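Residue-level structural notes
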Amino acid sequence: MSDSAIGGVAPIPITVEFTGGLEILFDNQRKYAISLPGQLEDGSQPNISYLVQYLVENLMKDQRKELFIMEENVRPGILVLINDADWELEGEEKYELQPRDNIVFVSTLHGG
Amino acid sequence: MPAKELTGSCMDCKDADAVLTTRNRSLCGPCYQVFLEHKVYRRMERYRKYPDPGSPSYRLLLPLSLGVSSSSLLRMLDTGMNRQLAKNARTSYTIEIIAIEPFTHAYDEALYTKRFEAARETFSKYTFNRIPLHSIFDYVPNMTEAMREYVGSQFKDDTSRSNEERLAAFRGANSTATSKADLDNVLFTQLVVGYAKQTGCESILWADSDTSLAAKTLAGAAKGRGAALTWQVSDAMSPWGVRFDFPCRDISKPELALYESVSPDLSDIVIPDEPLSENILTKNLSIDELMLRYVTTQGEKYPGVMANVSRTANKLDSYSSLDSTICSLCSAIVDNVKGNETGITVASQFSVQKPQFCYGCTRSRPEIDS
Amino acid sequence: MAPTTCFNCKEARAVVIRPKNRHKLCRSCFIEIFETEVHETITSSKLFFPGERIAIGASGGKDSTVLAAVLKTLNERYNYGLELILLSIDEGIRGYRDDSLETVKRNAVQYDMPLTIVGYGELYGWTMDQVVEQVGKKGNCTYCGVFRRQALDRGAERLDIKHVVTGHNADDVAETVMMNLLRGDLPRLSRGTSIITESGASDTKRSKPLKYAYEKEIVLYAHHRQLDYFSTECIYSPEAFRGSARTLIKDLEKIRPSSILDIVKSGEDMAALVPGQAPGGKSCKSSAPAAGAAEEETGGCGSQNGRSSGGEMAAMEQQLASNDGAESRETEIKMPKKGKVSVGKKIKTQTLQHCERCGYISSQPICKACNLLDGLNRNRPKTAIEVGMEDEEGSSTLMRQMEHVQLTNS
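Residues numbered from 1 in each chain as written. Chains lettered and ligands numbered in written order. Predicted model: local features only at pLDDT ≥ 70, side-chain atom pairs only at ≥ 80, totals over all residues.

1. Notes on the overall build of chain B
Operational definition: Think of it this way: any DSSP run of H or I at least four residues long counts as a helix, any run of E at least two long counts as a strand, and we number them from the N terminus. Computation of the radius of gyration draws on C-alpha atoms alone. For the globule rule, the value is 2.2 Å times the number of residues to the power 0.38. What counts as a contact here is a pair of residues whose C-beta atoms, placed from the backbone, lie within 7 Å.
On a plain count of helices and strands, chain B comes out with 14 helices and 8 strands. In summary, chain B has a C-alpha radius of gyration of 21 Å against a globular reference of 21 Å for 370 residues, a match within 12%. The principal-axis extents of the C-alpha atoms in chain B amount to approximately 70 × 50 × 45 Å. Within chain B, residue pairs in contact and separated by at least 24 positions form 69% of the contacts whose partners lie at least 6 positions apart.

2. Overview of the overall build of chain C
Rules: Backbone-placed C-beta atoms define the burial measure: a residue is buried with 20 or more other C-beta atoms within 10 Å of its own, exposed with 12 or fewer, and partly exposed in between.
A count of helices and strands for chain C gives 16 helices and 11 strands. Of all 410 residues assigned to chain C, the portion counted as buried reaches 56%. Long-range contacts, defined here as pairs at least 24 residues apart, represent 74% of the contacts in chain C between residues at least 6 apart.

3. Here we look at the domain arrangement of chain B
Residues and elements named next belong to chain B. Heads up, the rule is: The split of the chain into domains comes from an automatic or database domain assignment. All residues other than Ala, Val, Leu, Ile, Met, Phe, Trp, Tyr, Cys, Pro, Asp, Glu, Lys and Arg, Gly among them, are scored as polar; the first ten of these are nonpolar and the last four charged.
Assigned domains within chain B: domain 1 (1-36) and domain 2 (44-363). When each unit is reduced to the centre of its C-alpha atoms, the spacing between domain 1 and domain 2 is 32 Å. The interface of domain 1 with domain 2 comprises 9 residues on the first partner and 9 residues on the second. Element by element, the count of residues in the side of domain 1 that touches domain 2 is highest for helix α1 (residues 29-43), at 4 residues. Of the residues contributing to the side of domain 1 that touches domain 2, the split by class is 6 nonpolar, 3 polar and no charged.

4. Structural notes on the pairing of strand β7 (residues 102-107) of chain A
All names here are of chain A. What counts, and what does not: Strand pairing is assigned whenever DSSP detects at least two bridges linking the two strands.
The element β7 is extensively covered by neighbouring structure, given that 5 of its 6 residues are classed as buried. Here 5 bridges tie strand β1 (residues 12-19) to β7, and the two strands are oriented parallel to one another. Bridge pairing links T19 to V106 in β7. Bridge analysis of strand β5 (residues 78-82) against β7 gives 5 bridges, and the strand direction is antiparallel. Bridge pairing in β7 places I82 opposite I103.

5. Some details on the packing of helix α8 (residues 210-222) of chain B against helix α12 (residues 303-314) of chain B
Residue and element names in this part refer to chain B. What counts here: In this analysis, axes come from line fits to C-alpha atoms, helices being fitted only over the stretch in contact, and the angle between any two N-to-C directions falls in the range 0 to 180 degrees. Oblique is the label for any angle not under 35 degrees, not over 145, and not in the 65 to 115 range, which are roughly parallel, roughly antiparallel and roughly perpendicular in turn. If you view the pair so one helix is near and one far, a crossing is left-handed when the near helix is turned anticlockwise from the far one by less than a right angle, and right-handed when it is turned clockwise.
Following both chains from N to C, one finds α8 and α12 inclined at 60°, their axes separated by 8 Å at the closest point. Viewed along their axes, α8 and α12 adopt a mutual orientation that is oblique. As for how α8 packs across α12, the hand of that crossing is left-handed. When α8 is examined against α12, the residues D210, T211, L213, A214, T217 and L218 are found in contact with a partner set consisting of M306, A307, V309, S310 and A313. Looking at side-chain class alone, the contact of α8 with α12 contains 7 nonpolar, 3 polar and 1 charged residues.

6. A word on the interface of chain C and chain B
In this assembly, 51 residues from chain C lie in contact with 53 residues from chain B. Contributions of two or more residues to the side of chain C that touches chain B are made by α7 (170-183), α10 (244-255), α11 (259-271) and α12 (312-323) of chain C. Among the elements that line the side of chain C that touches chain B, the one with the most residues is α11(C), at 12 residues. Looking at side-chain class alone, the side of chain C that touches chain B contains 26 nonpolar, 12 polar and 13 charged residues.

7. Regarding the nonpolar core
Heads up, the rule is: Each nonpolar core consists of buried Ala, Val, Leu, Ile, Met, Phe, Trp, Tyr and Cys residues. Their C-beta atoms, within 7 Å, join them into a set.
Counting 228 residues, the largest nonpolar core has V80(A), L218(B), M291(B), I56(C) and M178(C) as the members making the most contacts within it. Mapped onto the domain boundaries, this core takes at least three residues apiece from domain 1 (1-36) and domain 2 (44-363) of chain B. The residues contacting V80(A), other than those within four sequence positions of it, are I48(A), V74(A), W87(A), I103(A) and F105(A).

8. Thoughts on the confidence of the model for chain C
The predicted coordinates ought not to be read in detail in places where the model reports low pLDDT. Residues and elements named next belong to chain C. Put simply, the rule reads: Per-residue confidence from the predictor is reported as pLDDT, which spans 0 to 100.
Summarising the model, chain C shows a mean pLDDT of 77, and 72% of its residues fall at 70 or more. When the elements of chain C are averaged for pLDDT, helix α16 (residues 398-409) gives the smallest value, 35, and helix α2 (residues 62-77) the largest, 97. Here residues 278-306 is modelled with pLDDT under 50, and outside its nearest four sequence neighbours on either side it reaches 107 contacts, counting other chains as well. Taken as a whole, residues 326-345 scores under 50 in pLDDT and shows 14 contacts with residues more than four places along the chain or in a different chain. Under the prediction, the complex receives an ipTM of 0.92, its pTM being 0.87.

9. What about the sheet that holds strand β6 (residues 203-205) of chain B?
All names here are of chain B. Pairing in this open sheet of 6 strands is mixed, and the strands run β5-β4-β3-β6-β8-β7 from one edge to the other. The open sheet has two edge strands with one neighbour each: β5 (127-131) and β7 (236-237). Where β6 and strand β8 (residues 243-245) come together, 3 bridges link them in parallel fashion. Within the sheet, the bridge partner assigned to L205 lies in β8 and is D245.

10. Some thoughts on the sheet that holds β7(A)
All names here are of chain A. Strand order in the open sheet formed by 5 strands is β2-β1-β7-β5-β6, with mixed pairing between adjacent strands. Two strands bound the open sheet, and with one partner strand each, they are β2 (31-36) and β6 (85-86). By the bridge criterion, 2 bridges tie β5 to β6 in an arrangement that is antiparallel. Bridge assignment links I82 to a residue of β6, and that residue is A85.

11. Examining the pairing of β1(A)
The side chains of a regular strand alternate, residue by residue, between the two faces of the sheet. For β1(A) and β2(A), the ladder comprises 6 bridges, and the chain directions are antiparallel. When the sheet's bridge partners are listed, I12(A) is paired in β2(A) with L36(A).

Below is the structure:
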């Protein structure tokens, strides 16, 4: 995916966290520091949709993608926090990532 | 449906060739018709007793959508009444047919008219009428007031415009697919009930299959309309003093489709259902659509479970609405059912709450406070 | 997008959007409002009395951790005068329960509450690891569910506590409503929606103070208060959450976020209309038709908080198919017989008694736990159980199926 970046635009460093049981899908690692291209091939900026796809293709160790995405979006029951705020406040999957953003994915589906 | 090629003769008449298998029995077309018709007649028991001599027979209203279920029900009832006539020279009930013109999607009006006329011709004994949804202003007395109150101040009802335009403006005020579909159901029911009252029908025979009833039950529960299930999907008196009956409640949608397929006289009448669209994201569905999809897909694997849903709701006691406020829009009770004293009240959930609407209708109101 | 300000304080940045009314709240207003609403639930349903000793059923998971944290906060803020004790069940599953028990032990320190752990080993002579060794991975959830139900009551009894609170949330209740509509079990629908369940035959009552709290808000509350909770699937039932009713609830929430509470509201109204149910939705006393609280959570495993699993539908279908055996042959009945139409509102009834072995409340002379133990101790599970083990996820309904068979035979 990184090859879709266009030279000259600075990459976007962000941190991604998986909690509430989701870490099992990501090699039992809770926190990742990653770098996204500053601009995509079509000239747009990477947004949460892009990030989710990126995570599935690059970080997810588990084959069962349906436990994380559904209908090409985050599976219902998984909360997304953008700098601690519910993503619904930030435009959901259309939110464009900014340098040093912290994105948290929390599962509500695991046991209580 | 198991409509595979069969060899061998019908297990019922032991004569004709079996053409289908249902509930593990191979049957010919006529025996299958009889099988389903008996399921309907069992549900029609209360109208199959002849009234006292001299008193009129029961007047029942059948809403006809020209879909598989209502067209099949019409044929089944017609068959039953023909038998009564042959035996007793009179029938214990008469039916009146009302068709509400499609309003949720664009439709082929010429085709609709052709099919409607075909139905009228095939079942010429009965009175047929077709009316558009916006005739609700003629059949439901307080519609204008309820509508204005419901939508609130930002909605300007312009009585100089046609009823069609007024209703379109009202329906357009709802933003979500769920609220639109929910409100449409309310309006549709109100219109059919209004028509039944004006034409002196004491009961409405809804043609919902068990599939449809299961979807309505789950959707009703999901929309906060649980209490209203005691008449919305149950054989019971509705809040308007008109009875609701569901004679097809023991028959699944695929079984009705099979009935249509072995009844050639229905082929000029039935307009096929719009197929469930494949590429709609779940979040853009209405709750009614979601539940219909759920029940349809799960029903393929678990028909018994789905059939059981509406049976369960049908077991609930009815509630007394005598000392309760009735929702101005849908006539469900506004407060919690008696006995549910500590339940969630609508008031605690909303900053703006109008006392004349029930929980379900309040949930579907256009958002005014956000 | 410009940051949204809090609907409540109009100052801080909103970080939460509430499912039930779409209010946008900042961190501290959200925490305060969440707590206040639980307080209102507690006071309006008169859940506790001053001086009452309460056992919090604590699994280390999000729901019970939030419950413990909120109850501690409210007990101090509003002077409830409660004595709060953490009660944990140790199923004896290495690598799962021992980790979650560590969480509970930390919680005990963090919230300054005494902790009692009751183990399957000491109660039944069998840990789940040993059960699995004997019966295999398939079907073990049945044992766990049946044992767990009694274990909380027995633990409470040991502490001489009459009231156990559990972390069931609005999503759990909504799921119970949907499952029981599908299952056709109105008495259980009624029990599942009531905030307090008590049984005439036992003096331990159960209640769910988080009944009106969205699972989403529970997770957010835990997140924003940085509560220490444990979240891994039980190693013996991975991904049990892929259950159809749970998926349906989450899809509904996506379509209309309020719908979870709307289902709870529907469930409460319907519960009041269940035939033979005494009016009084607040507490569900075990009158004749309703089996007691002890029978409430069938097969709910600790990590899943009693939620359903995907295989449940298959088991239900089987059960219904056997019920309908007679009906499917009705083509042979040519004409409906007069007066045979069953339109009566019949609900199955159960009579409660005490288990002859252990004295626990049961609908049968020997309770389910003792039955299962018999099988284990005889070194071979009962035949009926072997049938159920075909489908691991369906195992939670097995007992219900057995129950049904026994009921119809009697």
